[in-house]
Amino acid sequence: MRIFKYALKNVARNSFLSFSTVLVLSLMTFFIYVLFFVEYVASAIIGNISDRLSLSLNLRSGYSDTSSEIVELTNGLRAVDPSVEVRYVSNVEAFEILKKRDPELARVIESDKDNPLPSSVSVKNVPIAKYAELDAIVSKHRDAVQYDAGTGKKTIVDYRAQYEKIKGLTDVLISIRYGTIAVVGLFLFAVAAIVYNAIGNSVFYYREEIRIIGLVGGGARFVYGPFAIQGLVYALVAAVISLAGFSFVIRSVNFSLLADFPIFVDKFFVERSEAFLSVVAALAFVALVSGFLSSFRFARRAA
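In every chain, residue numbers begin from 1 and rise along the written sequence. Per-residue local features of the predicted model are confined to residues with pLDDT of at least 70, and side-chain atom pairs are confined, for both listing and counting, to 80 or more; whole-chain, interface and lining totals are unaffected and use all residues. By convention in this description, side-chain values take in all heavy atoms of the structure and omit both hydrogens and water.

Next up on the list: the confidence of the model for the protein chain. Confidence of the predictor in every single residue is expressed as pLDDT, which spans 0 to 100. Considering every residue of the protein chain, the mean pLDDT works out to 79; 80% of them sit at 70 or more. The least confident element of the protein chain, judged by mean pLDDT, is helix α8 (residues 207-215) at 59; the most confident is helix α3 (residues 68-80) at 91. In this text, helices come from DSSP runs of H or I with a minimum length of four residues, and strands from runs of E with a minimum of two, each type numbered from the N-terminal end.

Right under this line is the structure:
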């Protein structure tokens, strides 16, 4: 308790250093929260895309839902994930769908016997992380589906053409997620550097007191402990201030094009509560360790 009181005393005595340090840390932490929100939005977009994207595996002539190759394919696709929806669509059913969607185009076909539409397997609701596994399964059965017409002959019915378009989109969204994590790590490193320099300045400011503590036989915990806790106090105060500021800003934003945005924000705070606690814990740990290392380095010189 005495060490904690001494740490608070250090914070209060050098008010300008404390204020500037907390201000900078608050800004850094605020942007960390913003990045978490960006990551949440990206995750929501990925979820929506996963629900809406679908692949249509057009079967080659002679294959139907009773063919052993197609049965094995559909079973393999269903095994990818419980959420995956796999449905066989016969060429007759496809022709009926065409009649409803574009009657004029359907009239071009004189009779059902002239039906040029292939049977297909519709695959929906594939999680983003499972597309590579799905691709491996389809690749094993490429002889049964219109897999790839080759370079310069790709059409929208080819599986590879569909897959590459989806993969390009999902790769961008996944890159946003991992990029966010990388930037958060960079911010934490910056927090460590800021606390390290701030504690180093504090040690220089109180160097005479450190010498006196050493002369009267004060232990290492009385020399290094208060400065380490001082860094911890900076981080915790900054985390609280930045969270309050972030909450105020994000709730004050008015997106007229998104009617349920307030509900989206409330859901974000509920679902990412553990992430906020993790940020605070990471900041506290980084600041505590950085404060201790800084005091250990500079206090020994001062003594």
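The discussion continues.
Glycine aside, a negative phi is what most residues show, and trans is what most peptide bonds show. The backbone of Asn-125 shows a phi angle near 55 degrees, a positive value even though the residue is not glycine. Mapped onto the elements, Asn-125 comes out in the loop between β3 (120-124) and α6 (131-140). Relative accessibility decides the category of a residue: with a 1.4 Å probe and only protein chains considered, values under 20% of the type maximum give buried, values over 50% give exposed, and everything between is partly exposed. Given a relative accessible area of 17%, Asn-125 falls into the buried group.

Sheet architecture is open: three strands sit in the order β1-β3-β2, paired in antiparallel fashion. On the outer flanks of this sheet lie β1 (54-58) and β2 (85-89), each paired with one strand and no other. Within this sheet the neighbouring strands show an average axis-to-axis angle of 20 degrees, counted without direction. As judged from the five bridges shared by β2 and β3, these two strands associate in the antiparallel manner. Its bridge partner lying in β3, Val-86 is registered against Val-123. Contacts were defined at the residue level, with two residues in contact if any of their heavy atoms lie within 4.5 Å. Helix axes are fitted only over the stretch in contact, all axes being lines through C-alpha atoms; the angle between N-to-C directions runs from 0 to 180 degrees. Its contacts with the sheet place α3 against β1, β2 and β3, and it is angled at close to 5 degrees to β3. At least two DSSP bridges between two strands are needed for those strands to be called paired.

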